[in-house]
Structures are given as structure tokens and as C-alpha cells.
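If you want the building blocks of each chain, they are given just below.
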Amino acid sequence: MIIVMVFQSWRLCGVTATIVVYIGGVLFLTMNNVPGSHPKRVRFEHFAEFSNYRSQRVSGLNRKMTIRWCKELKYMQSELPVDTTTSEYNTPYQVEPRIQMGLTALASFPGSGNTWLRYLLQQSTGILTGSIYKDYGLLKTGFPAENVCNNSVLLVKTHEWGPKAWALFSKALLLVRDPEKAILAEFNRQSGGHVGFASPDRYKRTRGKYWQQFVANKLHGWELMNINWARNFTGNIKIIFYEDLVNKLEPVLRNILEFLEFPINETLLNCALVRKEGIFRRKKRILSFDPYTPAMRVQLREKKQYVYTILGRLS
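Here is a short report on the structure shown in this document. Here the structure is a predicted model, which means the values were calculated and not measured.

## Brief notes about the environment of proline 110
Reasoning step 1: Mapping proline 110 onto the fold places it in the loop between strand E3 (103-108) and helix H2 (114-125).
Reasoning step 2: The class for proline 110 is buried, based on a relative accessible area of 16%.
Reasoning step 3: Spatially, the C-alpha atom of proline 110 lies 9.7 Å from that of glycine 221, the residues being 111 residues apart in sequence.
Reasoning step 4: If we ignore the near neighbours within four places in the chain, the residues touching proline 110 are His159, Ala182 and Glu186.

Spelled out as C-alpha cells, the structure:
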């Protein structure tokens, strides 16, 4: 009799414990789903050119990195309305980027050195350069006129082409780079930011099919971008090859400034040449494998020769 009573008592305790655990679990889950009881997930805005951008932190760029400007940067038209908020470079931001016509474009396929050339021009003129995009990484590290498309900036960055893209501009600098290097640079940017690198595993994603498709798509885009600007843009255009910018920087910069009809300040130009590297050029990295297959290299060579011939570059 005693044994039966003890057994029933243990069963009652077990049932009671189960009920208590169940009620506690329900209360816990309910409280964690009450609005405002826990931090909301932060959502970041995405931009057309930067679809892979997940954070406003600059991948590959250290926040402690600072740029030594040859001259304090400013807008070309100081009478334009500005916000009282200033950047870390004490440069006022535009209140509302106003779209204007008759601008100068700095057009290029992504990965062709657009950011580096903007840096060089800002150093050699002291004037800000704009962009049709709004890259928060660049906005915080030396380009406070991101998303400004008016005559207050020296020129405006774009990777677009076609009648709508051309409508803003009366003249253009077309920056062209070897597709092999440009495509690799863009792949690195999408994976590691403006100065970072893609990990070797990225090339092997989906057994290499992702990289193969990336190369095919970007090579086609590289061809369309450069040929359309060179053939169909009706304004005044000057073609700059990235290789010349690297190997013959001073004469190329002088030619660009003359094309922009901007008076050359020898002191600023010399300063820009001394500080030519900046923080926006990706350092060289040697991979332990060739990311391009023999078939890819044939396509790259053929497209390069075809486009370069159209652009008047025979070698």
C-alpha cells in the first residue's frame, strides 16, 4: 500500500513539473515576441552599383587611414547652398544634389581605376569630384561630393551608357583598362571592397561556374560600355587608357586638365605626383593559380583587340 502511494506521488510530481516547464516556455516565447522588447534588425539601403553592399563600414579601408590633401577640397561654385554638416575633411556637404545638364563625365567600366583617377584630380586641382552613385565607403574616405551631379564639381563618375546616361553630359573622359585586369578588379571589389581581395574559394564557387559566368557577363559589359561611349556619345570625348595613366602619369594628367579647361597649378600637380598612390589603389597580389582558363584568355584577347582597334589603340 505504501509503495503504491509513493509511486502515485512521484507520478503527480512529474506531471506538475511538465506543466510548469510548458507554461514557462510559452511565457518566454511570448515575451520575446512582444514588439519593442528586443532590438530591431538594421536594414541598409542598397544602390544599383553596390548590390553586394551590406554594411556602411568600408571593406579593406581602415577608418584610421587619412588622406593628406595637397589643398583643402572645395566645390567649384562656393555660392551653392550647403549643409552646415561637414565631413571629416571640413568640407561642406551639398544640401540636395541638383541634377544639371552640360556636365563632364568620368565614364568607365567598373574596375578600370575610376576612383584612383578621381583622387588624382582632386589632389591636382583642390576641387571635389561627383558621382551619379552614393557609395558610403567613398563618401567617408575622401569623396564627400558623392551623389552630387551639378556644376559645383569638377566631373561626375558614371559606369552607365546609353541616351539617358549621356543626357547629363556635354563632354566626357572615357577611362579604359585591359579587360583581364578590370574584370579581376571588379570581382575583388564585389568580394573585398575597394582595396580588398576575393578569397581563392570565391573562384571555385559552384565548381567554378559562378566565376565563369561572371567573366562572360562582365566581358560583354566591358565591350558595350567602351564602344558605345566612343561611337555614340555626341559630345566631346577624350579616351584615357589606364596603362598610360600608370606609366606616364604626369603628361596624362596634364592632358586631362587641359581637356577639362582647368588651369594647371604646378605646385598642386607636383604634390599630386608625389602622393599619387593614396589609399585607393589595390595592392598587387599573386594568386597560386591562374583564375582565367585558356578559353577565357582567348576570349579576353579577342575582345580587347577588337575594342582597342575601334578606340584607336593598335598595340
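The rest of the description comes next.
## Observations concerning the packing of H2 against helix H10 (residues 266-274)
Reasoning step 1: With their axes 7 Å apart at the nearest point, H2 and H10 run at an angle of 145° to one another. Seen along the crossing, H2 lies across H10 with a hand that is right-handed. When H2 is examined against H10, the residues Leu120, Gln123, Ser124 and Thr125 are found in contact with a partner set consisting of Leu268, Leu269 and Ala272.
Reasoning step 2: Of the residues assigned to the contact of H2 with H10, the class counts are 4 nonpolar, 3 polar and no charged.

## Brief notes about the nonpolar core
Reasoning step 1: Counting residues in each nonpolar core, the largest one holds 65 residues, and the members touching the most others are Leu121, Ile183, Trp229 and Leu260.
Reasoning step 2: At 8 residues, the largest contribution of residues to this core is made by helix H7 (residues 209-232).
Reasoning step 3: If sequence neighbours within four positions are ignored, tryptophan 229 has contacts with Ala105, Ala107, Thr158, Glu160, Trp161, Trp166, Phe169, Ala172, Leu174 and Ile237.

## Thoughts on the pairing of E3
Reasoning step 1: Burial runs high along E3: 6 of the 6 residues are buried.
Reasoning step 2: Covered by surrounding structure in E3 are Leu103, Ala105 and Ala107 together with Thr104, Leu106 and Ser108, the residues of both alternating faces.
Reasoning step 3: Across 6 bridges, the pairing between E3 and strand E6 (residues 169-176) is parallel. Its bridge partner lying in E6, serine 108 is registered against leucine 175.
Reasoning step 4: One ladder, built from 3 bridges, connects E3 with strand E5 (residues 156-158); its direction is parallel. Following the sheet pairing, leucine 106 is matched in E5 by lysine 157.

## Side note on unusual backbone geometry
Reasoning step 1: Although it is not a glycine, asparagine 147 sits at a positive phi angle of roughly 75°.
Reasoning step 2: Inspection of the secondary structure puts asparagine 147 in the loop between helix H3 (136-140) and E5.
Reasoning step 3: Despite not being glycine, glutamate 261 has its phi angle at roughly 55°, a positive value.
Reasoning step 4: You can call glutamate 261 exposed: its relative accessible area is 66%.

## Looking at the packing of aromatic side chains
Reasoning step 1: Enumeration according to the criterion identifies 12 aromatic pairs in this entry.
Reasoning step 2: Both rings, one in tryptophan 166 and one in tryptophan 229, keep their centres 5.9 Å apart while their planes meet at 75°; by these two values the pair is edge-to-face. Pair noted here: tryptophan 166 is in helix H4 (residues 163-166) and tryptophan 229 is in helix H7, with a separation of 63 residues, a long-range link. Of the two residues, tryptophan 166 and tryptophan 229, both sit in the buried class.
Reasoning step 3: Taking the centre distance of 5.0 Å and the plane angle of 70° together, the rings of phenylalanine 187 and phenylalanine 214 count as edge-to-face. Of this pair, phenylalanine 187 sits in helix H5 (residues 179-192) while phenylalanine 214 is found in helix H7, placing the two residues 27 residues apart along the sequence.
Reasoning step 4: The exposure class of phenylalanine 187 is buried, given its relative accessible area of 1%.
Reasoning step 5: Residue phenylalanine 214 is classed as buried on the basis of its relative accessible area of 7%.
Reasoning step 6: A cation over a ring is seen here: lysine 171 above phenylalanine 259, with NZ or CZ 4.6 Å from the ring centre.

## Describing the state of the cysteines
Reasoning step 1: Tallying each qualifying case throughout the model produces 1 disulfide.
Reasoning step 2: A sulfur-sulfur distance of 2.1 Å marks the disulfide that ties cysteine 70 to cysteine 271. Taking the sign of the torsion about the S-S bond as the criterion, the disulfide between cysteine 70 and cysteine 271, at about -90°, is left-handed. Of this pair, cysteine 70 sits in the loop between helix H1 (2-32) and strand E1 (82-86) while cysteine 271 sits in helix H10, placing them 201 residues apart in sequence.

Conventions used here
- Residues numbered from 1 in each chain as written.
- Predicted model: local features only at pLDDT ≥ 70, side-chain atom pairs only at ≥ 80, totals over all residues.
- Heavy atoms only, no water.
- Helix = DSSP H or I, 4+ residues; strand = E, 2+ residues; numbered from the N terminus.
- Buried < 20%, exposed > 50% of the residue type's maximum accessible area, 1.4 Å probe, protein only.
- Contact = heavy atoms within 4.5 Å.
- Axes fitted to C-alpha atoms, helices over the stretch in contact; angles between N-to-C directions.
- Left-handed = near helix turned anticlockwise from the far one by under 90°.
- Nonpolar A, V, L, I, M, F, W, Y, C, P; charged D, E, K, R; others polar.
- Core = buried A, V, L, I, M, F, W, Y, C linked by side-chain atoms within 4.5 Å.
- Pairing = 2+ DSSP bridges.
- Phe/Tyr/Trp six-rings, centres within 6.5 Å; stacked < 30°, edge-to-face > 60°.
- Lys NZ or Arg CZ within 6 Å of the ring centre and 35° of its normal.
- Disulfide = S-S within 2.5 Å.

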